[in-house]
Each structure stands twice: as structure tokens, then as C-alpha cells.
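The residues making up each chain are set out below.
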Amino acid sequence: MFNLLVLPGDGIGPEIMPEVKKIAHWFQRHGVDFTLDEELYGIASWKAYKTLMRDETWAKILAADAILFGATGSPEYAAIPREYQREDWLLRMRRELDLFTNLRPIRTTPGMEDASTLRPEIVGGTDMILVRELCGGLYFGSPRGIFENADGSRRGINSLVYTTSEIERIGRAAFALARSRKSRVCNVDKSNVLEVFMLWRDTIVALHAREYPDIELTHMYVDNCAMQLVRAPRQFDVIVTENLFGDILSDCAAMVAGSLGMLPSASLGAVDAKGRRKALYEPIHGSAPDIAGKSLANPCGAILSFALCLRYSLDRPDEAKHLEDAVDRVIARGVRTLDIAQAGRATVSTSQMGDAILAEL
Ligand code: IPM
Ligand code: MG
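Anyway, here's the lowdown on the structure attached to this text. Treat the numbers as computed from the prediction; the structure is a model and nothing was measured.

**A short note on the packing of aromatic side chains**
Here is step 1: This structure, assessed with the given rule, holds 11 aromatic pairs.
Here is step 2: The ring centre of Phe100 lies 3.8 Å from the NZ or CZ of Arg169, which sits over that ring.

**Notes on the packing of helix H11 (residues 317-332) against helix H12 (residues 350-360)**
Here is step 1: The geometry of H11 relative to H12 is characterised by a closest axis approach of 9 Å and an angle of 120° between their N-to-C directions. Between H11 and H12, the angle falls in the class oblique. Considering only the axes of H11 and H12, their crossing is right-handed. Facing Leu323, Ala326, Val327, Arg329, Val330 and Ile331 of H11, the residues of H12 in contact are Met353, Ala356, Ile357 and Glu360.
Here is step 2: Residue composition of the contact of H11 with H12, by class: 8 nonpolar, no polar and 2 charged.

**What about the sheet that holds strand E10 (residues 238-241)?**
Here is step 1: Taking strand neighbours across the sheet as the criterion, the 10 strands line up as E2-E1-E3-E12-E11-E4-E5-E10-E8-E9 in an open arrangement whose pairing is mixed. What marks the edges here is a single partner per strand, and that holds for strand E2 (35-38) and strand E9 (216-221). The sheet shows a mean angle of 20° between the axes of neighbouring strands, direction not considered.
Here is step 2: Relative to strand E5 (residues 127-133), helix H6 (residues 164-179) is tilted by about 165°, and along the sheet it contacts strand E4 (101-107), E5, strand E8 (184-189), E9 and E10.

**Brief notes about the site of ligand 1**
Here is step 1: Lining the immediate environment of ligand 1, one finds Arg94, Arg104, Arg132, Tyr139 and Asp247.
Here is step 2: The separation between an oxygen atom of ligand 1 and a polar side-chain atom of Arg104 is 2.8 Å.
Here is step 3: Within the contact set of ligand 1, an oxygen atom lies 2.8 Å away from a side-chain nitrogen or oxygen of Arg132.
Here is step 4: Protein chains bury 69% of the 320 Å² of accessible surface belonging to ligand 1 in isolation.
Here is step 5: Residues of the shell around ligand 1, tallied by class, amount to 1 nonpolar, no polar and 4 charged.

**Concerning the environment of Gln85**
Here is step 1: Note that Gln85 resides in the loop between strand E3 (66-71) and helix H4 (89-96).
Here is step 2: Taking relative accessible area as the criterion, Gln85 reaches 19% and is therefore assigned buried.
Here is step 3: Taking the C-alpha atoms as reference points, Gln85 and Leu217, separated by 132 residues in sequence, lie 42 Å from one another.
Here is step 4: Not counting the four nearest positions on each side in its chain, Gln85 is found in contact with Leu52, Tyr77 and Ile80.

**Quick word on the nonpolar core**
Here is step 1: Counting residues in each nonpolar core, the largest one holds 85 residues, and the members touching the most others are Phe306 and Leu323.
Here is step 2: Considering every element that reaches this core, the biggest residue donor is helix H10 (residues 300-312), with 9 residues.
Here is step 3: Each of domain 1 (1-106 + 258-361) and domain 2 (117-257) accounts for three or more of the residues forming this core.
Here is step 4: Look past the residues within four positions of Phe306 in its chain and what remains in contact with it is Leu4, Val20, Ile23, Ala24, Phe27, Phe34, Leu68 and Leu323.
Here is step 5: By size, the runner-up hydrophobic cluster in this structure holds 20 residues, among which are Trp46, Met53, Trp58 and Ile67.

**Notes on the pairing of E4**
Here is step 1: Along E4, 6 of the 7 residues are buried, which leaves the element largely enclosed by surrounding structure.
Here is step 2: Strand direction decides the pairing type here: E4 and E5, joined by 7 bridges, are antiparallel. Within E5, the residue paired with Asn102 across the bridge is Arg132.
Here is step 3: In this sheet, strand E11 (residues 266-268) lies alongside E4 in antiparallel orientation, the contact comprising 3 bridges.

Cut-offs and rules
- Counting restarts for each chain, with residues numbered from 1 along the sequence as it is written.
- Lettering for chains starts from A, numbering for ligands starts from 1, and both go in the order in which the items are written.
- Predicted model: local features are reported for residues with pLDDT of at least 70 only, side-chain atom pairs are reported and counted for 80 or more only, and whole-chain, interface and lining totals are derived from all residues.
- Side-chain metrics in this entry use all non-hydrogen atoms of the structure; hydrogen atoms and water are not considered.
- Stacked, tilted and edge-to-face are the three classes applied to pairs of Phe, Tyr and Trp rings, where Trp contributes its six-membered ring and a pair requires centres within 6.5 Å; stacked means planes under 30 degrees apart, edge-to-face means over 60, and tilted covers the rest.
- Throughout this description, the term charge over a ring refers to an Arg CZ or Lys NZ atom that lies within 6 Å of the ring centre and within 35 degrees of the ring normal.
- Lines are fitted to the C-alpha atoms to define the axes, a helix being fitted only along its stretch in contact, and any angle between axes, read from their N-to-C directions, falls within 0 to 180 degrees.
- What counts as a helix is a DSSP run of H or I of at least four residues, what counts as a strand is a run of E of at least two, and both are numbered from the N terminus.
- Roughly parallel covers angles under 35 degrees, roughly antiparallel covers those over 145, roughly perpendicular covers 65 to 115, and oblique covers all other angles.
- Note: crossing handedness is left-handed where the near helix turns anticlockwise from the far helix by less than a right angle, and right-handed where it turns clockwise.
- Two residues qualify as a contact provided that any one of their heavy atoms is within 4.5 Å of a heavy atom in the partner residue.
- Here the term charged refers only to Asp, Glu, Lys and Arg, the term nonpolar to Ala, Val, Leu, Ile, Met, Phe, Trp, Tyr, Cys and Pro, and the term polar to all other amino acids, Gly among them.
- Two strands are counted as paired when DSSP detects at least two bridges linking them.
- Any residue with at least one heavy atom within 4 Å of a molecule or strand is counted as near it.
- Whenever two N or O atoms come within 3.5 Å, that pair is a polar contact, provided that in protein one can donate a hydrogen and the other can accept it, and provided that, for residues adjacent in sequence, both atoms are side-chain atoms.
- Accessible areas in this description were obtained via Shrake-Rupley with a 1.4 Å probe; residue shielding takes into account the shown protein chains only.
- Only protein chains enter the accessibility calculation, which uses a 1.4 Å probe; a residue is then buried when its area is under 20% of its type maximum, exposed when over 50%, and partly exposed in between.
- Buried Ala, Val, Leu, Ile, Met, Phe, Trp, Tyr and Cys residues that are joined via side-chain atoms within 4.5 Å together make up what is termed a nonpolar core.
- Domain start and stop points were drawn from an automatic or database domain assignment.

Written out as C-alpha cells, the structure is:
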């Protein structure tokens, strides 16, 4: 049996995840087999147990087939004594579960083109997936730290490190994904300046020639890519890039979709001998402390993350599509949370949006 672990987490996480559970239960009732477990994470864990991560919770994280994650981050962390908050547990989950493939699909939901700050004729029809390397690069490279110089001044260091095997495995993920889409990959790097990206590009080019000659491969420097994303976003199918670039570019691309609130993500590990892989699904909007506790949050990003779970973990592509189409139809009918509100029209609460999607299913 496939076991899913829900970690609502901080900020709006505890408001959106009950909506995901409503949807997940619907699929359970309609023939998709999995169990759902839940644990407190982040500030909620601190308040209940005086620790940010219980051993029991960590054991469940390691044992779960997939994790449905809400959000991390809260001003309340500032009040927790330093020695209890050394670790960022989200980064630790990514690293220890080796979730190196981060998929961030970015599309304009039909009928929502006007929610973007960009012109509708620019963003309309955008449909791309950003493939972000999630376990290497600047986030995890060493040496790292803040060091003292002889003269008492300080220097901070992080290292951008990639090995050929790390580049190859994320390259394969992107090329394989492109085969199920429009067969186009745009590799994004900074190989005009940095050695690590000279290796990155050489490795991607060689991998392409060796294993994926059927895919159209293009290259962009990251600065140009940032511009192209807002200038002509429809040109992209699959983008592959390193960790920090992917972090930055995905927020930028999110505005093409109109609202961060709509966007899902999947973080996937390698496929094991049994054909299974570890996975974590989370909306990309983060904890949004400014609106937390007010029932204003948009649960669509989290619900669409569950659709990715149906597709990539539960191997139920038809059910995934069924859910994505249901969200599209609800949005097209004009059901809107505050972040995607239409001028002069009423908005719905977090749970009303969840109920509308459930009814649509
Ligand atoms: C993201 C977030 C995270 C990141 C933070 C919360 C650590 O911004 O998933 O994009 O930087 O990767
Ligand atoms: Mg980010």
C-alpha cells in the first residue's frame, strides 16, 4: 500500500491542506489506493512538542512513499532559541531523501490571463515546466560558512559545485519529460562566466547527443532567460537549470501564471529497483504569513500538487488530468480567491474553493 504523509507546516499550510485532504479522500473513494497519515511540522510542532522535528515524525518522513507538504516559514521562528533551529527541515528533507528533480509546471489557467501583471496577449497559452536541480549547487556546496579574517573582518562563503553525474541525472529528467511534451528543452546556465557552468553545458550537450538526439535542445544564459520569461513566455516547453537559478526563475515565471497561489510543484528522487521513488509535493507559494489564519489563501496550488502526486507517484495520469480539468473549470466559472479576484466580483474563502473543486469532481 502506498503511504502518503501530510505535513501542513507553517503559515497558510494548515488552512490549505484540509482542502487537499478533501480532494484526496474523494480519489480514495473512487478507486485510488493509498493511506493518509499526518504530522505536525514547524511552528505547530514546536508549540505542541517543544521541538521542530520529533524523531517519530522524521522516521515517518523517511518511510513515506510521498509527502504532501504545506509551507514552511513564519515570523514565530524568531522566538525559538537558536540551538533548536539550526536546521532548515525542508532543505534537509530534499537532501536526505535525495529529491533532486524539482518540477515546477507554469501555465496560464484559461480565463485567468487578466490576473497577471503582464498583458494577456503575452501570457495567454503559456505552458512550460521548469526543471530545477534541487540537491546541489549553491544551496549545498562546501566550503560554506561565515569566517573571521586575520584583521577581524568577516567573509561569507558558499560554493557552487556540480559533478557530471549530478548534471546528467537532472538532464535526463528534463529530456525524458520533454518526450512526453513538445520535445523541446532549453538549458539555462551562466557558462559565459563560471567554470561550473562550462562543465554543466558540456555535460548537457554530450548527454543530449548520446541519449536524446530526438529532443530539440537550446541554451540560454540565465540573465537572458529572466528577460525572455516575461518577454515571450510561450517560447518555452521544458527549462532545465541549477538550484538557485531555478529558485529565482520560478518566482519570476509565476507572474506569467498570474498568481503564485495557483502553482504546484513536485520534488522527485531517483527511481529504485521496484520502480518507486521518493517524492514531496508542495505548492510553490510558501507560508504567506500576512494572510495566514484568515481563510483567504488559495488552495489551488496545493490541490494541483496533489494532481502531480497522482501523476508521478500513484501512476494515475487520467485521475491527475481529471483533477486539473476540474480546477480549470472552477476557475473558468469565475470562482476566485482573493489573490486571483476579478474586479468587482465576489471572492470565496479557502474552504469554499476546495468545496467548489470537490463538487466539480
Ligand atoms: C522554494 C523556496 C525555498 C527555496 C525556501 C523556502 C528554502 O523559496 O522552494 O522555492 O529557496 O528553495
Ligand atoms: Mg523559491
